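The primary structure of each chain is shown beneath.
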Amino acid sequence: MRLPLLLSAGVLLVALLPCPPCRALLSRGPVLGARQASQHPQPLDFFQPPPQPQQPQQPQARPVLLRLGEEYFLRLGNLNKSPAAPLSPASSPLAGSRLSPDEVAANFFRALLQQLPLSRRPLDSPEQPAERGAENALGGRQEAPERERRSEEPPISLDLTFHLLREVLEMARAEQLAQQAHSNRKLMEIIGK
Amino acid sequence: MAPTFKLRCHFILICLMALRGESRYLELREAVDQDPFLLFSANLKRELAGGQLYRRALRCLDMLSLQGQFTFTADRPQLHCAAFFIAEPEEFITIHYDLVSIDCEGGDFLKVFDGWILKGEKFPSSQDHPLPTTERYIDFCESGLSRRSIRSSQNVAMVFFRVHEPGNGFTLTIKTDPNLFPCNVISQTPNGRFTLVVPHQHRNCSFSIIYPVVIKISDLTLGHLNGLQLKLHLTKYLIDRAKSSTGCGGIGDFVELLGGTGLDPSKMTPLADLCYPFRGPAQMKIGCDNTVVRLVSSGKHINRVTFEYRQLEPYEMENPSGNSIQEFCLSSL
């Protein structure tokens, strides 16, 4: 009599105990909120070549995590890999520009990565071929929610300080004045004929 | 009274009424701003016009204030590029695609934005622009060459582009067209003089100066009122924040002075409201990164405001004197 009672109590306890995977997902809540506060999920910053297959659970959990960009981002951070991995030279902007300082390039790149277009087009292709592969792995079911999210995302923008804006504006003005001087010189030459 | 004399009097009265304010008037440019080529014959003009198109390469981050043809060719994957265009206050900008060689399917894009957008802040603001934000972006990959020429709504525009493949790129021709009644303007220079006219239009117009300036308003005409009373409200940010954001109690047409650290006038701090017409200079020093003169018009009247501005010298920002509102923007200095 007692044995069935103990057995049924044990079964009930096992059934009611929270499972470890659920607990792990719940623990991401606060961090997710913090990410939402910034309103700028940055999956592109952290798209890297697929990590080494060292965690067999990863492929199974991945579709769930990839469905929500922030969770995918957080999972990469939890893998103890450097989330701020240096960007590839191909993706660093203005690297070869002779006129832009490094800080402009850094600010510019950071800001553009934070901003996404309002267009309802599918996601812009990421900078890396591996990123493209990762994105293709998402599947078509994610396109509709991605497009809906994209229409709510802030417009593509440029993160440039007023100081730098004035600098480039003054460069443009100097160019305009130089061109006007050139036109005036040509005009005087024609008049002198 | 003789009938002919009566007729002449009536005619004179009609002319006077027409010129008082119902007619549109244009501010004539000074002689130095006149096109010098107007003085010359057609042959000379033709000779001068030939080969006049300015050409150069477009950089990944660029600013253009003159007409011409500009070509961007990627020597390496250029993924985050933008070019600003700015014209004279009385001009629109027309961007014409001469040649576009980008791989839209491969992630390249080429988007024209009607205005300037910086750190997420737009000029003109969403409130002052006729189009919603999404329609202010014209994406070449979506519209193709169906919209080959795009004209801006004000004197500023910009283009964002991304090109992965070296050798790909595009060529644009930038031209300007006259704008009879400029509404939203960004000044190219920290010094200047401008008259903002809004004739019977229900719209709000902003003149933005992205420098700390001394601004002197010399003439303000609001509607048909000829009152001599000047009511100048110096609005403290912390005091009036809880109040309605509409100046002059939201009644009638008015001019407001705004200051801030961003580009969007709707996110800037109102510093002063001018609710009644007046003549005679009213000077204000505004030590903010961006100063905006905004004319709010109901469309019932012809409104006009004339002002001059010059850049604040560093010593003036350190030692404020006279009418000045700098405490709002000290953090940006």
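Residues numbered from 1 in each chain as written. Chains lettered and ligands numbered in written order. Predicted model: local features only at pLDDT ≥ 70, side-chain atom pairs only at ≥ 80, totals over all residues. Heavy atoms only, no water.

## Observations regarding the overall build of chain A
Moving on, step 1. The helix and strand inventory of chain A stands at nine helices and zero strands.
Moving on, step 2. Across the 193 residues of chain A, 37% fall into the buried class.
Moving on, step 3. Of all intrachain contacts in chain A linking residues separated by at least 6 positions in sequence, the fraction that spans at least 24 positions is 75%. (Helix = DSSP H or I, 4+ residues; strand = E, 2+ residues; numbered from the N terminus. Buried < 20%, exposed > 50% of the residue type's maximum accessible area, 1.4 Å probe, protein only. Contact = heavy atoms within 4.5 Å.)

## Considerations on the overall build of chain B
Moving on, step 1. The number of helices and strands found in chain B is six helices and 23 strands.
Moving on, step 2. Excluding contacts between residues fewer than 6 apart, the proportion of contacts in chain B whose partners are at least 24 apart in sequence is 78%.
Moving on, step 3. When the accessible surface of chain B is totalled, it reaches about 16300 Å², and 55% of it is carbon and sulfur. (Areas by Shrake-Rupley, 256 points an atom, 1.4 Å probe, with all protein chains shown as cover.)

## Details of the sheet that holds strand β11 (residues 156–163) of chain B
Moving on, step 1. Read across the sheet, five strands follow the order β2-β4-β11-β6-β9 (chain B) without closing on themselves; strand pairing throughout is mixed. Edge positions in the open sheet fall to β2 (61–64) and β9 (137–139) of chain B, since each of these has one partner strand only. When the angles between neighbouring strand axes are averaged without regard to direction, this sheet yields 15°.
Moving on, step 2. Note that strand β6 (residues 109–113) of chain B and β11 of chain B share five bridges and pair antiparallel. Looking at β11 of chain B, one finds that F113 of chain B is bridged to M158 of chain B.
Moving on, step 3. Seen against the sheet, helix α9 (residues 162–191) of chain A touches β2 and β4 (78–86) of chain B and runs at an angle of roughly 50° to β2 of chain B. (Pairing = 2+ DSSP bridges. Axes fitted to C-alpha atoms, helices over the stretch in contact; angles between N-to-C directions.)

## Some words on the state of the cysteines
Residue and element names in this part refer to chain B.
Moving on, step 1. Following the criterion strictly, the structure yields three disulfides over all chains and no others.
Moving on, step 2. Across a sulfur-sulfur distance of 2.0 Å, C60 and C81 are joined as a disulfide pair. The S-S bond linking C60 to C81 shows a torsion near -90°; that makes this disulfide left-handed. Residue C60 is located in the loop between β1 (55–57) and β2, and its partner C81 is located in strand β4; the two are separated by 21 residues in the primary sequence. Neither residue differs from the other here; C60 and C81 are each classed as buried.
Moving on, step 3. The disulfide that involves C183 links it to C205, with 1.9 Å between the sulfurs. (Disulfide = S-S within 2.5 Å.)

## A word on the packing of aromatic side chains
All names here are of chain B.
Moving on, step 1. What the rule picks out here adds up to 13 aromatic pairs over all chains.
Moving on, step 2. Taking the centre distance of 4.7 Å and the plane angle of 50° together, the rings of F113 and Y137 count as tilted. On the criterion of sequence distance, the pair formed by F113 in strand β6 and Y137 in strand β9 is long-range, its members being 24 residues apart. We note that F113, like Y137, is buried.
Moving on, step 3. Relative to F160, the ring of Y137 lies with its centre 6.4 Å away and its plane at 40°, an arrangement referred to as tilted. (Phe/Tyr/Trp six-rings, centres within 6.5 Å; stacked < 30°, edge-to-face > 60°.)

## Digging into unusual backbone geometry
Residue and element names in this part refer to chain B.
Moving on, step 1. Cis geometry marks the peptide bond from F123 to P124, where omega comes out at -10°.
Moving on, step 2. Here P124 shows up in the loop between β8 (121–123) and α3 (133–136).
Moving on, step 3. With a phi angle near 50°, K119 is a residue other than glycine that sits in the positive phi range.
Moving on, step 4. Counting through the fold element by element, K119 comes out in the loop between β7 (116–118) and β8.
Moving on, step 5. A positive phi angle, near 50°, is found at H200, a position not held by glycine.

## As for the pairing of strand β12 (residues 169–178) of chain B
Residue and element names in this part refer to chain B.
Moving on, step 1. The buried count for β12 comes to seven of ten residues, which makes it a mostly enclosed element.
Moving on, step 2. Note: strand β3 (residues 68–73) against β12, six bridges, orientation antiparallel. Opposite F70, over in β12, you have L172 as the bridge partner.

## Some remarks on the nonpolar core
Moving on, step 1. Within the largest apolar cluster, 55 residues are counted, with the highest numbers of intra-cluster contacts made by L165 of chain A together with F84, W116 and F160 of chain B.
Moving on, step 2. No other element matches the six residues that α9 of chain A contributes to this core.
Moving on, step 3. Split by domain, this core shows at least three residues from each of two domains, domain 1 (53–178) and domain 2 (187–225 + 251–325) of chain B.
Moving on, step 4. Apart from the residues within four sequence positions on either side, F84 of chain B is in contact with L158, L160 and L165 of chain A together with L61, D62, M63, L64, W116, L118, A157 and M158 of chain B.
Moving on, step 5. Counting 30 residues, the second largest nonpolar core, distinct from the first, contains L66, A74, A87 and C141 of chain B. (Core = buried A, V, L, I, M, F, W, Y, C linked by side-chain atoms within 4.5 Å. Domains from an automatic or database assignment.)

## Overview of a nonpolar patch on the surface
Moving on, step 1. A cluster of nonpolar residues, F11, I12, L13 and L16 of chain B, forms a patch on the protein surface that exposes about 430 Å² of accessible area.
Moving on, step 2. With respect to the helices and strands, the residue L13 of chain B is situated in helix α1 (residues 3–22). (Patch = residues over 30% accessible without salt bridge, like charges linked within 9 Å, V, L, I, M, F, W, Y side chains within 5 Å. Salt bridge = Lys/Arg side-chain N within 4 Å of Asp/Glu carboxyl O.)

## Describing the pattern of salt bridges
Moving on, step 1. On inspection of all chains with the given rule, the structure shows eleven salt bridges over all chains.
Moving on, step 2. The salt bridge involving R294 of chain B is made with E256 of chain B; its shortest N-O contact spans 2.8 Å. Here E256 of chain B lies in strand β18 (residues 254–260) and R294 of chain B lies in strand β21 (residues 290–296), a separation of 38 residues in the sequence. The exposure classification of R294 of chain B matches that of E256 of chain B, with both residues buried.
Moving on, step 3. By sharing partners, the salt bridges in this structure join E175 of chain A together with R56, R59 and D62 of chain B into a single network.

## Looking at the sheet that holds β12 of chain B
Residue and element names in this part refer to chain B.
Moving on, step 1. Spatial ordering of the open sheet is given by β1-β3-β12-β5-β10, a layout of five strands whose pairing is mixed. Two strands in the sheet have a free side with no partner beyond their single neighbour: β1 and β10 (149–151). The average undirected angle you get between the axes of adjacent strands in this sheet is 20°.
Moving on, step 2. When β1 meets β3, the two strands line up parallel, connected through three bridges. The partner of R55 across the bridge, within β3, is Q69.

## Concerning the confidence of the model for chain B
Residue and element names in this part refer to chain B.
Moving on, step 1. For chain B, per-residue confidence averages 82 on the pLDDT scale, and 75% of positions sit at 70 or higher.
Moving on, step 2. A low-confidence stretch, residues 224–244 stays under pLDDT 50, and its non-local contacts, those more than four residues away or across chains, total 34 contacts.
Moving on, step 3. Two summary scores accompany this predicted model of the complex, namely pTM at 0.62 and ipTM at 0.76. (pLDDT = per-residue confidence, 0-100.)

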